[in-house]
Amino acid sequence: MKYNRKLILYAKTLCNNNDHAEEIAQETLLTGFKYFGSLNDRQKVFPWLKTIAKRIYLRKFHPNEDYYDFTVSIDSPVFDDSNSSGNTGITMAETIVDSTVDIEENYTQNQLCRYILNEIDKLSQKQRDSVIFRYYYGFSVKETAASLKMTGNSVKVSSHIGLEKVKENLKNYFIKGDYIMNCKEAYAYLLQYAKGKISEHGKEEVEKHINVCKECRDIALSLAELDKHITPAQEKEHRNYVVHFQLPEYSLEYVSVNMEVESYQEVNAKIEEWQGVIPFDSIYLRYPGFSFTFSQVDFTRETLAEFGDDGFQLPFEEIERGDNFIKYRYTKMNKIRNPHEFAIVFLSKEKKLNQSVEHPDLIYGHAQNWARRNCGGKIGVYLAVPSSGKNLRIRQGDDIINCGAYKFVYADRHVLYNEYVTVNCSYIQ
């Protein structure tokens, strides 16, 4: 069969074993042959076979994991843009993450896959079961009817209505044939949105996303409430705080800094001279308390965005990479104020909420600031805990702030130049 070699190569990317890859490919072809009649679009044979292969791989080699969360095979269009762009439409099958490509480069597909699964879960039981059996398990109408003790006609009607509901709801995720801002893009702006320090265009884009994404809406609303409780910097006071959210795969970190820049007039003169477009040779300029470059030494963090005074986003580019650092320079900048306020958004691989060894429902939380090496000031650490958590207890910290979907365990105080501020807590999920 013409797909055999391609399937073996694909299966090898999953299991990294030649014998297992051939076994997966053989079983995939047998399954595909058996259920070929259930495939509506014969132009999507290989993507359909890849989905079957991935399901077989997960069932064989990760039997204790819930692989339903990873794959769903639906070849029905969720957005038809043929009138405007000439495309035949975006299908649900095409949104599923392809394991041959790094998930970081397919974040949008991964998010939409989750949306699809969430929308399927909202269907009635009959519609949900019909869709899952027909399009996830690949059963024929006859096999689905026998499994669910339904008539063939009832299966056809239920699966059709279910898919139409999913497609209709998913239209909220498309704007003119393209995805709206995905979660990873939205994360960068949620704090600025919550504080009202964001451009009108940025505000519109964030609102399009949070109108259809409850997770990001909960973060934004909780940040807006939290902002009311965080004391601003006093005159000539270095003020720094970090807010941590634990996501399924990463920790989301919002760092805000307010600091004196005595040389701000000199800096602004240069920015005005350059008309806001920062030239490359700015990397050689140094001012007390200010630089047009910055370095990242922690490779477990990804910098999503940085914002200056009044929420102006600061574009930057990489200029140097070493074994243990990356150096960036700003490419555009508005005039800075004194004191200068800026914010950085990170995704970190370091988990802030972890299951205990005593019991999987007992969660321990831990977060702290980065120790300042050149000055003291007031430092705050705020760790988000789902409000659904029970028996929330502070092991180290000041208090708890209830902000709706999240509660924040925090510590906020004045420190010396090399002190850490730490938060420790526990709760039952």
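Residues numbered from 1 in each chain as written. Predicted model: local features only at pLDDT ≥ 70, side-chain atom pairs only at ≥ 80, totals over all residues. Heavy atoms only, no water.

A few words now on the overall build of the protein chain. Looking only at helices and strands, one finds 14 helices and 18 strands in the protein chain. Burial status across the protein chain gives 50% buried among its 429 residues. Contacts spanning at least 24 positions in sequence make up 66% of the contacts within the protein chain whose residues lie at least 6 apart. For the protein chain, the computed accessible surface area is about 22300 Å², with 48% contributed by carbon and sulfur atoms. (Helix = DSSP H or I, 4+ residues; strand = E, 2+ residues; numbered from the N terminus. Buried < 20%, exposed > 50% of the residue type's maximum accessible area, 1.4 Å probe, protein only. Contact = heavy atoms within 4.5 Å. Areas by Shrake-Rupley, 256 points an atom, 1.4 Å probe, with all protein chains shown as cover.)

The strand order across the open sheet formed by seven strands is S8-S11-S6-S5-S14-S17-S16, and the pairing between neighbours is mixed. Both outer strands of the open sheet, strand S8 (301-307) and strand S16 (399-402), are each paired with one neighbouring strand and no more. The sheet shows a mean angle of 20° between the axes of neighbouring strands, taken without regard to direction. Pairing between S16 and strand S17 (residues 406-415): four bridges, direction antiparallel. Looking across to S17, one finds that isoleucine 400 is bridged to valine 409. (Pairing = 2+ DSSP bridges. Axes fitted to C-alpha atoms, helices over the stretch in contact; angles between N-to-C directions.)

Here we come to the pairing of strand S15 (residues 390-396). Taking burial as the measure, the seven residues of S15 include zero buried ones, a minor fraction of the element. Across four bridges, the pairing between S15 and strand S18 (residues 422-428) is antiparallel. Paired with lysine 390 across the strands is isoleucine 428, a residue of S18.

With that settled, the discussion passes to the sheet that holds strand S7 (residues 293-296). Spatially, S7-S10-S9 is the arrangement adopted by the three strands of the open sheet, whose pairing is antiparallel. In this open sheet, the two strands that pair with only one neighbour each are S7 and strand S9 (316-321). For this sheet, the mean angle separating the axes of adjacent strands, direction not counted, is 30°. Pairing analysis gives four bridges linking S7 to strand S10 (residues 326-330), with the strands arranged antiparallel. The partner of phenylalanine 294 across the bridge, within S10, is tyrosine 328.

Now for the nonpolar core. With 37 residues, the main nonpolar core has Tyr187, Leu190, Phe245, Leu252 and Tyr254 as its most contacted residues. The leading source of residues in this core is helix H13 (residues 214-227), at five residues. Not counting the four nearest positions on each side in its chain, leucine 252 is found in contact with Tyr187, Ile219, Val243, His244, Phe245, Leu247, Leu304, Val345, Phe346 and Leu347. (Core = buried A, V, L, I, M, F, W, Y, C linked by side-chain atoms within 4.5 Å.)

Here the focus is helix H3 (residues 45-61). Spanning 17 residues, H3 covers 24 Å between terminal C-alpha atoms, matching the ideal 24 Å at 1.5 Å per step. By the criterion of burial, H3 is predominantly enclosed, with 13 of the 17 residues buried. (Expected span 1.5 Å × (residues − 1).)

What follows is about the packing of aromatic side chains. The final tally for this structure, using the stated rule, is 13 aromatic pairs. Here the aromatic rings of phenylalanine 245 and tyrosine 406 are separated by 5.1 Å at their centres, their planes lie at 85°, and the arrangement is edge-to-face. Here tyrosine 406 lies in strand S17 and phenylalanine 245 lies in strand S5 (residues 239-246), a separation of 161 residues in the sequence. For the residue pair phenylalanine 245 and tyrosine 406, the accessibility class agrees, reading buried in each case. Taken together, a centroid distance of 5.7 Å and an interplanar angle of 90° make the contact between phenylalanine 245 and phenylalanine 408 edge-to-face. Of the two residues, phenylalanine 245 is situated in strand S5 and phenylalanine 408 in strand S17; the sequence distance between them amounts to 163 residues. (Phe/Tyr/Trp six-rings, centres within 6.5 Å; stacked < 30°, edge-to-face > 60°.)

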